[in-house]
Amino acid sequence: MSAPLTLLLAGHVDHGKSTLAAALLHALGQMPEGKAEAIAHACAARDTAFEWAFALDSLAAERAQNVTMDAGYIWLTTPRRRLRIIDAPGHQEFIAAMMTGATQADAALLVADAAEGLREQTRRHAYLLHMLGITQIVIAVNKMDAVSYSETAFQKISTEITRHFAARGKPPIAVIPISAREGEGLGATSNRMPWYKGPALLAALDKLKAPPSAETLPLRLPVQDVYKHGEKRVLVGRIESGSVKVGDEIILSPSQEKAHIASIETWPNSAAAGASAGQSIGLTLREDAFVQRGMVLSHVQHPPALASDFSAHLFWFGQAPIAAGASYTLRAGTAEAAAKALEAEALDDMAYRVRFQTRSPLPLDLHTTQPRTGRFVIMQRGVPVGGGMVERIAAQAAALPIKSAHITPHTQAISIEQRARANGHLPGIFWFSGLSGAGKSTLAQALQKTLFARGAQVFVLDGDNLRAGLSRDLGFSPQDRRENLRRAAEVAALFAQSGFIVIAAFISPTEEGRLAARACAPDWFHDIYIRASLAACEQRDAKGLYALARSGKITEFTGISAPFEEPGQPDLTVDTEAQSIDASAAQLLAYIERCCMAPLQEAAYA
Amino acid sequence: MTPLDQLEADSIYILREAFHGIGKLCMLWSFGKDSTVLVHLARKAFLGQVPFPLVHCDTQLEMEEVYAFRNRYAQEWDLHLLTQLCPPLEQTDPSLPPEARVAARKTLGLNQALSVHGFTGIIAGIRRDEEGTRAKERVFSPRGEHGEWNIRSAPSEFWDYYTPRLPHAAHMRIHPLLAWTELDIWRYIARENLPVVPLYFAKTYHQFEGRNFGGKRMRFRSLGERGITWPVESDADTVEAIIAELETTRVSERAGRPMGADSDASSFEKLRQAGYM
C-alpha cells in the first residue's frame, strides 16, 4: 500500500460532489451495512427520491436543502492506498468551509456537470487550488447520463477545462467522463462510453502521488511552548521541515541567538538521538538561551528570513476588502505579528496580492521553497478570515548600528535592537539646554506631536513632570538642581533603553551637569543647545519669571542671579533668536530623523 | 514516518496548542478505546504527566469492567480524575428517543462539571469516521452558553491554525483524534501496547442485561451505558484479530449503540447540538 492521501472534492454547487463520494464508497463495496437503508428511510421521511448524497450530507439542514454546508470526511480504501476524501461545499456562501477543507488536501478531484461545464465556483475552486499549490488535479465530468453519454458533449467540456487549466500553467492529470448516480466510469471503464479510452476514475486516483517529504528541506521548528520538566526547560514543537540531532548548533529566529541541542526528550522511552519532519518533539539546549513561543529554531547555515516587508498571494473572506494602510494580525507558525498592508491589489473579490509590513520581524520562508513555513493566516476579530502564500521577501535588514551594548543590562529579555525594529526607529535622548524662554518646551512639545503622528515612541521630560513627583523632595539650590538633573538623565536613559525617543528640556546651566547627563547613556545622548540671548529671553518672558527674578522675588534664577555656561561643543545648536519656531522645529526634526530613523531605513535596504 | 506516526504527532501538536491557548482545560475519559488512546497521547505530549484533570461523567450505568479499568489505571498512570455524577433521566429532553435520553444524561453531567469547575476547554476523543455529524466537526469547536453546538458559527481552520479562544464561545471543545479512524485506534493500541477494557474482546454471550444472545460469539465495538449498548457478533478475541476484522467489516462501529437511529439519524445530531460529544 502507498502512503494515504487526502483528496479534496471540489466544484460548483449541485454538480454532484457528495453523490460522487457516496458512489465511490458504493463502487468499492465500502458503504457501511445498513447505510443505504438508513438513507432510504431518511429520504422517505422527507418525501424525496433516494439521495446518495445523504451518506455525507448528514446534517438535518443539509438534507432539508439538499446542499452541503460544511466539509465532511470519508475514508476509502482502493487497491493501492487509503484515501481520505474531503467533501467540500460548492456553494459560494460556504467558500470558507471549502478552504478549511482545501488547506488539508494533497490533491483534488474537481467535479463539473456535463451539461453545465465550467461554472463560477468551478473556476474559483480551480483558482484557489492553484494558489494553495495543489497541482495534482483530476477532473470528473459528471452527470454524463444527462447528456446521453455523448462524446461530443464530453469533448466540448474537456477542451474548455484543459484550456482553462493550461492557461494557469498546469493541465489536469486526467479528465474523466462519469455518472456518479449511475455508477458509470468509477471503478471500471464504462461500456456506455466506449469512445473514452482513458482510465476509470479510481485508476486515475491511484496514480496520484503522496506529497514529497519535507525531511530534506532545511530545518524549521516553530517553538510551540516551553515546559519546565523537573530541572529541565524543554522546548516543544513540531518539526515542519528538515531534521535535527543532539549536538547540532542551532539559531533562534528572530532573536538570532545561537545554541546547541543538548537532548531530545521523549516519553515513555528515554531520550532519542534525532528527529525529523512531521514529528512533535521536546528538546533541551546546552546553553541558557532565551526561548519563547513564536521563535523558529533552524540550523545556523539555513535560517528563515526575518521578514518585515514581504508580499503574498492570499485568499480573503473578511468583512471589508483588504485596503492599503489597514492593519491586520498575522499568524505564521506559532508566531503572531501585527502587520500593515502597504499595497493591496484585488485579483478577485476573494483573492489579493498584498505587500505587508510587520512591526516586528517574522521568521518566514518563500512558499515555493518551504510551503509549511511559507504561509500564514490573517485574523480579524479573533477569527481566521484569510491565508497567504509568501511570494517575495524584501532584502533582510542588516545589523543595526548599535554602538555598544553596555547600557542594556543583560537581564532584559528583549534587546534594544528588537525594540528598534519593532518601533521603526532607534532610541535617542535629545537634551535641550538653554535659558528660560529660549523655546525648549515649545519645541519639545511640537516635536513630540510630529514624531508621535509618525508612529514613533516619543516622550518629553521636563522640569514640570519631573518635579511633580520624582523630584518633589528637591528645591532650587545648586545641589538640588544638580540632583534633579541627575535623576532626569537616569530617567531619560531608562526611556531610551525601552526604545523611546526622549526629548529632555532642562536649562542645564553647567557643562558639568550636561556631561554627567551624557554619561548616563553616551550612545544615545545628543547635546542640543536651544540658543537665544538673555535680552531676547527677557523680552519674551512668557511666564513672567524674569520680572519676578529682577524684583528679587525669585532667587538663583539662571541668567539673572545664577550663571549659565554656554555649551562648548554641542551636537546641534538651534538659534531661536535668528529663526522662527517653525524653522527651528524643522531643523530639529531633520536632525532626529537622521539620528533615529535613517539608520533603520538604510539597514533595510542594505 | 508511518501514517500512525503522523497521526500521533499531529494529535500531540493539537494537545499542546490547547494547553497553551486555553486557561482551564480538562479531558473527558470514558475508559473506552478512543479516550484511552487520548490519555496516552496526553502523557506523551506532556512528557509523562498530564497537566490537567480528567473528567468522567458518571451515569452509574457503566459496566463493571469499565469501573474496574478506571480504578486501576487512574491510579497506575497517576491521573487527576474528577468524577461528575450525571443528573437523572427525568431532567433530559423528553422528545428524544429513550436510548438517546440516557446519552443526554452525559451532556447534563458535562454541563454540571463545566459550571462547577469553570472549564473553558474540554478535550474529547471523537473521530470523524464514527458518525455523520462528527465528520463535519472542527478540531477546535466552540460551544455556546449552554454547551450547544452551532455549526454555522464554527470558525475556519486553514491548515492547522486553530483558534483556541473565541470572543463568543462559552467553552471550546478540542478534538485531537478527529483525523483518526477506528482502525487507526486499534493499530495504535497494538503498537503502543495499551490496555483496554476486556469487553472489546469476543466471548460467548448467553444472557446479557436481560437479553438472550443464545451463546453467540460477540464483542463490544463501542462502549456505552448498560441497557443501551449491546455486543455485536464477532470472533475477534485479541487486538490483532480486531484489526483483521476491521480491515474488512462493513458493520458500523455504533451498530451496538442505536440511540434511536433507526427512527431518524437526526436524533444524534439533536444530541450533539445540545452539547453531547
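Remember, predicted model here, so these are calculated numbers, not experimental data.

## What about the overall build of chain A?
Consideration 1: Secondary structure assignment for chain A yields 15 helices and 26 strands.
Consideration 2: Here the C-alpha radius of gyration of chain A, 34 Å, is well above what a compact globule of 606 residues would show, namely 25 Å.
Consideration 3: When its C-alpha atoms are laid out on the principal axes, chain A stretches across 115 × 55 × 45 Å.
Consideration 4: Per-residue burial over chain A gives 53% buried out of 606 residues.
Consideration 5: Pairs at least 24 apart in sequence give 69% of the contacts found in chain A among residues at least 6 apart.
Consideration 6: Of the accessible surface of chain A, which amounts to about 25,900 Å², a share of 52% is contributed by carbon and sulfur atoms.

## Focus: unusual backbone geometry
Consideration 1: Note the cis peptide between A:Ser253 and A:Pro254, where omega equals 5°.
Consideration 2: The step from A:Trp267 to A:Pro268 runs through a cis peptide bond, and the omega angle for that step is 5°.
Consideration 3: Relative to the assigned elements, A:Pro268 resides in the loop between strand 12 (258–265) and strand 13 (274–276).
Consideration 4: Even without being a glycine, B:Trp159 presents a positive backbone phi close to 50°.
Consideration 5: Tracing the chain through its elements places B:Trp159 in the loop between strand 5 (140–143) and strand 6 (171–174).

## Focus on the side chain of A:Thr284
All names here are of chain A.
Consideration 1: Mapped onto the elements of the fold, Thr284 is located in strand 14 (residues 280–285).
Consideration 2: Engagement of the side chain of Thr284 in a polar contact is seen with the side chain of Ser263, the distance being 2.5 Å.
Consideration 3: Ignoring anything within four residues of it in the chain, the contact list for Thr284 reads Lys232, Arg233, Val234, His260, Ile261, Ala262, Ser263 and Glu265.

## A word on the packing of helix 11 (residues 478–497) of chain A against helix 12 (residues 511–520) of chain A
Residues and elements named next belong to chain A.
Consideration 1: Between helix 11 and helix 12, the least distance of the axes is 8 Å, while the angle of their chain directions is 25°. The orientation of helix 11 with respect to helix 12, classified from their angle, is roughly parallel. As for how helix 11 packs across helix 12, the hand of that crossing is right-handed. The segment helix 11 lies against helix 12, with Arg482, Ala489, Glu490 and Ala493 engaging Glu512, Ala517 and Cys520.

## Examining the packing of helix 1 (residues 3–21) of chain B against helix 5 (residues 182–192) of chain B
Residue and element names in this part refer to chain B.
Consideration 1: Taken N-terminus to C-terminus, the directions of helix 1 and helix 5 make an angle of 95°; their axes are 11 Å apart at the nearest point. Put simply, helix 1 runs roughly perpendicular to helix 5. Taken together, the residues of helix 5 that come into contact with helix 1 (itself represented by Leu4, Asp5, Leu7 and Glu8) are Asp184, Arg187, Tyr188, Arg191 and Glu192.
Consideration 2: A class-by-class count of the residues in the contact of helix 1 with helix 5 yields three nonpolar, no polar and six charged.

## Brief notes about the sheet that holds strand 20 (residues 375–380) of chain A
Note: strands within a sheet are paired through backbone hydrogen bonds, in either parallel or antiparallel orientation.
Residues and elements named next belong to chain A.
Consideration 1: Ordered by their spatial adjacency, six strands build a closed barrel running 16-19-18-17-20-21, and the pairing between neighbours is antiparallel. Across the sheet, the axes of successive neighbouring strands diverge by a mean angle of 45°, strand direction being ignored.
Consideration 2: Two elements, strand 18 (residues 335–346) and strand 19 (residues 351–364), share seven bridges in a ladder whose sense is antiparallel. Note on strand 19: the bridge partner recorded for Ala344 is Val354.

## Here we look at the pairing of strand 25 (residues 525–531) of chain A
All names here are of chain A.
Consideration 1: Among the seven residues that make up strand 25, six are buried, leaving the element largely enclosed by the rest of the structure.
Consideration 2: Pairing geometry for strand 22 (residues 428–433) and strand 25, over five bridges, is parallel. What sits directly across from Trp431, in strand 25, is Asp527.
Consideration 3: Two elements, strand 25 and strand 26 (residues 572–575), share four bridges in a ladder whose sense is parallel. Each residue of the ladder has a partner; that of Ile528, found in strand 26, is Leu572.

## Let's talk about the interface of chain A and chain B
Consideration 1: Contact with chain A, which involves 70 residues of that partner, is made by 50 residues of chain B.
Consideration 2: Both faces considered, chain A and chain B share a buried interface measuring about 4,900 Å² in area, 56% of it formed by carbon and sulfur atoms.
Consideration 3: The interface formed by chain A and chain B includes seven salt bridges.
Consideration 4: Of the charged contacts in the structure, one is a salt bridge between A:Glu62 and B:Lys136, with a shortest N-O distance of 2.8 Å.

## Points about the packing of aromatic side chains
Consideration 1: One pass over the structure, following the stated rule, counts 37 aromatic pairs over all chains.
Consideration 2: Ring plane angle 40° and centroid distance 5.6 Å describe the contact between A:Phe154 and A:Trp195, whose orientation is recorded as tilted. Residue A:Phe154 is located in helix 6 (residues 151–167), and its partner A:Trp195 is located in the loop between strand 6 (174–177) and helix 7 (201–206); the two are separated by 41 residues in the primary sequence. In this pair, the class of A:Phe154 matches that of A:Trp195, namely buried.
Consideration 3: Ring centres of A:Phe315 and B:Phe158 lie 4.9 Å apart, and the angle between their planes is 85°; on these two criteria the pair is classed as edge-to-face.

## Focus on the domain arrangement of chain B
All names here are of chain B.
Consideration 1: Here chain B is described as being made up of domain 1 (3–182 + 264–273) and domain 2 (198–257).
Consideration 2: On a C-alpha basis, the centroid separation for the pair domain 1 and domain 2 is 24 Å.
Consideration 3: Contacts between the two partners involve 20 residues from domain 1, matched on the other side by 16 residues from domain 2.
Consideration 4: Of the roughly 1,600 Å² buried between domain 1 and domain 2, counting both surfaces, carbon and sulfur atoms make up 57%.

## Points about the confidence of the model for chain A
Consideration 1: Here chain A shows a mean pLDDT of 89. Residues at 70 or above account for 97%.
Consideration 2: Scored below 50 in pLDDT, residues 398–409 of chain A shows 29 contacts in the model against residues more than four places distant or in partner chains.

## What about the sheet that holds strand 3 (residues 81–85) of chain B?
Residues and elements named next belong to chain B.
Consideration 1: Spatially, 3-2-1-4-6-5 is the arrangement adopted by the six strands of the open sheet, whose pairing is mixed. Single-partner strands in this sheet number two, and they are strand 3 and strand 5. Strand-to-strand twist across the sheet, computed as the mean angle between neighbouring axes with direction ignored, equals 30°.
Consideration 2: In terms of strand pairing, strand 5 meets strand 6 through four bridges, oriented antiparallel. Looking across to strand 6, one finds that Pro142 is bridged to Met172.
Consideration 3: Along the sheet, helix 3 (residues 64–76) makes contact with strand 2 (54–58) and strand 3, crossing strand 2 at roughly 160°.

## Considerations on a negative patch on the surface
Consideration 1: Together, A:Glu249, A:Glu257, A:Glu287 and A:Asp288 make up a region of like negative charge exposed at the surface.
Consideration 2: Tracing the backbone through its elements, the reader meets A:Glu287 in the loop between strand 14 and strand 15 (296–299).

## Notes on helix 11 of chain A
Residue and element names in this part refer to chain A.
Consideration 1: Given a rise of 1.5 Å per residue, 20 residues ought to cover 28 Å, and the 29 Å separating the end C-alpha atoms of helix 11 matches this to within 8%.
Consideration 2: Of the positions making up helix 11, those classed as buried are Arg481, Asn484, Leu485, Arg487, Ala488, Ala489, Val491, Ala492, Ala493, Ala496 and Gln497.
Consideration 3: In the segment just after helix 11, Gly499 is the residue with positive phi, at about 100°.

## Describing the environment of A:Ala105
Consideration 1: Counting through the fold element by element, A:Ala105 comes out in the loop between helix 4 (95–102) and strand 4 (107–113).
Consideration 2: With 27 residues separating them in the primary sequence, A:Ala105 and A:Leu132 have C-alpha atoms 9.6 Å apart.

About the cut-offs
- Every residue gets a number counted from 1 within its own chain, in the order that chain's sequence is written.
- Each chain takes a letter, starting from A, and each ligand takes a number, starting from 1, following the order in which they are written.
- Where totals are concerned, whole chains, interfaces and linings use all residues; where local detail is concerned, this predicted model gives features only for residues with pLDDT of at least 70, and gives and counts side-chain atom pairs only at 80 or more.
- Working from all heavy atoms in the structure, the side-chain values ignore hydrogens and water.
- In this text, helices come from DSSP runs of H or I with a minimum length of four residues, and strands from runs of E with a minimum of two, each type numbered from the N-terminal end.
- What the globule rule says is 2.2 Å times the number of residues to the power 0.38, and the radius of gyration is computed from C-alpha atoms.
- When accessible area is computed with a 1.4 Å probe and restricted to protein chains, residues below 20% of their type maximum are described as buried, those above 50% as exposed, and intermediate ones as partly exposed.
- For this analysis, residues touch if any pair of their heavy atoms sits within 4.5 Å.
- Each accessible area value is a Shrake-Rupley result obtained with a 1.4 Å probe; residue values ignore everything except the protein chains displayed when judging cover.
- Contacts described as polar in this section are N or O atom pairs within 3.5 Å, which, within protein, must combine one atom able to donate a hydrogen with one able to accept it, while residues neighboring in sequence count only if both atoms come from side chains.
- What counts as an axis is a line fitted to C-alpha atoms, over the stretch in contact for a helix, and the angles between N-to-C directions run from 0 to 180 degrees.
- Oblique is the label for every angle not falling under 35 degrees (roughly parallel), over 145 degrees (roughly antiparallel), or within 65 to 115 degrees (roughly perpendicular).
- We call a crossing left-handed when the near helix sits turned anticlockwise from the far one by less than a right angle, and right-handed when that turn is clockwise.
- Classification used: nonpolar for Ala, Val, Leu, Ile, Met, Phe, Trp, Tyr, Cys and Pro, charged for Asp, Glu, Lys and Arg, polar for all others including Gly.
- At least two DSSP bridges between two strands are required for those strands to pair.
- As a working definition, buried area equals the accessible area (1.4 Å probe) given up by two parts on being put together, with both sides summed.
- Salt bridges are defined as contacts in which a side-chain nitrogen from Lys or Arg sits within 4 Å of a carboxyl oxygen from Asp or Glu.
- Any two of the Phe, Tyr and Trp rings considered here, Trp counted by its six-membered ring, make a pair once their centres fall within 6.5 Å; the pair's planes then place it as stacked at under 30 degrees, edge-to-face at over 60, or tilted in between.
- Boundaries of every domain are those given by an automatic assignment or by a domain database.
- Per-residue confidence from the predictor is reported as pLDDT, a score between 0 and 100.
- What makes a patch is a set of residues exposed beyond 30% relative accessible area and free of salt bridges, joined within 9 Å when like-charged and within 5 Å when nonpolar (Val, Leu, Ile, Met, Phe, Trp, Tyr).
- As used throughout, the charge tally considers Lys and Arg to be positive and Asp and Glu to be negative, leaving His and the chain termini uncounted.
- Where a charge lies is defined by one atom per residue type: Lys uses NZ, Arg uses CZ, Asp uses CG and Glu uses CD.
- Given a helix with a known number of residues, its expected span is that number minus one, times 1.5 Å.

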